[in-house]
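Residue-level structure breakdown
So the chains spell out like this:
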Amino acid sequence: MKSQLNKKIIERFSRQIVIKDIGILGQKKILLSKVLIIGAGGLGSSVIEFLSRAGVGKLGIVDNDKINLSNLHRQSLYNTSDIGKFKVKIAKDKIKKINQNTEVKTYKIRLNNKNFKNIIKDYDYIVDGSDNFKTKFLLNNFCLKFKKILVTGAISKFDGHIFTFDFKNKKNPCLKCFFQESNISDDILNCESEGILGTVASIVGTIQANEVLKKILNIGTGLDGYIFIIDLLNLNFRKVKLKKRKNCFCK
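Analysis parameters
- Residues numbered from 1 in each chain as written.
- Predicted model: local features only at pLDDT ≥ 70, side-chain atom pairs only at ≥ 80, totals over all residues.
- Heavy atoms only, no water.
- Core = buried A, V, L, I, M, F, W, Y, C linked by side-chain atoms within 4.5 Å.
- Buried < 20%, exposed > 50% of the residue type's maximum accessible area, 1.4 Å probe, protein only.
- Helix = DSSP H or I, 4+ residues; strand = E, 2+ residues; numbered from the N terminus.
- Contact = heavy atoms within 4.5 Å.
- Phe/Tyr/Trp six-rings, centres within 6.5 Å; stacked < 30°, edge-to-face > 60°.
- Lys NZ or Arg CZ within 6 Å of the ring centre and 35° of its normal.

1. A word on the nonpolar core
- V35, L51, V56, I61, V212 and I216 are the most contacted members of the largest nonpolar core, which has 38 residues in total.
- For this core, the elements supplying multiple residues, two or more each, are β1 (34-38), α4 (42-54), β2 (58-62), α5 (87-98), β4 (125-128), β5 (149-156) and α9 (198-217).
- If one sorts the elements of this core by residue count, α9 sits on top with 8 residues.
- Setting aside residues up to four positions removed in sequence, I61 forms contacts with L36, I37, A40, I48, V88, A91, I95, V104, K105, T106 and Y107.
- Core analysis: the next-biggest nonpolar cluster, separate from the first, contains 30 residues, I120, F167, C177 and C250 among them.

The structure is reproduced here in structure tokens:
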């Protein structure tokens, strides 16, 4: 999307532009931003929708799954007529109906060390909506290597975790400072076995989108070096400081 604000664009984003911390200059930053979302599921659906509504100029979406019936209670981009279709295809179609000015690039692939290297260079902000630690650690490693900003989400049952890693700052920890590959299981992220309340996915995904927009605008207090833990069953919220592990490769 171009950064010029014509009358129609100003009207569309008027409720954002009027905010003192955003204004015309802030909206131009959003229009010029490039965000890559990994996973178009429960977390990714909300991230994709709200970033496109905010006016993000370019969205990349990585997912190789098809929509099934069990997705519909938490993945807000899809409906019953979409079952059996690829998520990236439907997500792109829905975005164009929301904001046709947002450029959408889709990647119907499963990420690996080879293909991600060619993708990540085209984006400034990476959003992790994946449901497995292999992918999360891959994103962590590449974002650290290429000095990207990574916003990670994880959900299970009534609980959510959100991390922001600004790898332009060498003092910040990485995901491996919190989760160690040797003692972590994907079972805690498995919606099929552990379950997930649909609203939890939407809330955590919306917080991720909010953190990305704050980074684009360089406003507010972020989660750099922290984990935000939410328990939506008991309405408990905690922001916990992360420290670098002495033997972590991000040192």
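Now that the structure is up, let's keep going.
2. Structural notes on the packing of aromatic side chains
- Enumeration over the complete set of coordinates arrives at 7 aromatic pairs.
- Between F163 and F165, the aromatic rings sit 5.7 Å apart at their centres with planes inclined by 15°, giving stacked as the arrangement.
- Judged by relative accessible area, which is 1%, F165 ranks as buried.
- With a centroid separation of 6.4 Å and an interplanar angle of 20°, the aromatic rings of F228 and F237 are classed as stacked.
- Put simply, the rings of F163, F165, F167 and F178 pair up and form one aromatic cluster.
- Directly above the ring of F86 sits K108, whose terminal nitrogen or CZ lies 4.2 Å from the centroid.
- Cation over ring: K239 sits above Y226, and NZ or CZ is 4.8 Å from the ring centre.

3. Describing the environment of D166
- As for its placement among the helices and strands, D166 is situated in strand β6 (residues 159-166).
- On the basis of relative accessible area, D166 is assigned to the buried category, the value being 13%.
- Through-space distance from the C-alpha of D166 to that of V151 is 8.6 Å; in sequence the pair is 15 residues apart.
- Setting aside its immediate chain neighbours within four residues, D166 contacts K148, I149, N172, K215 and D224.

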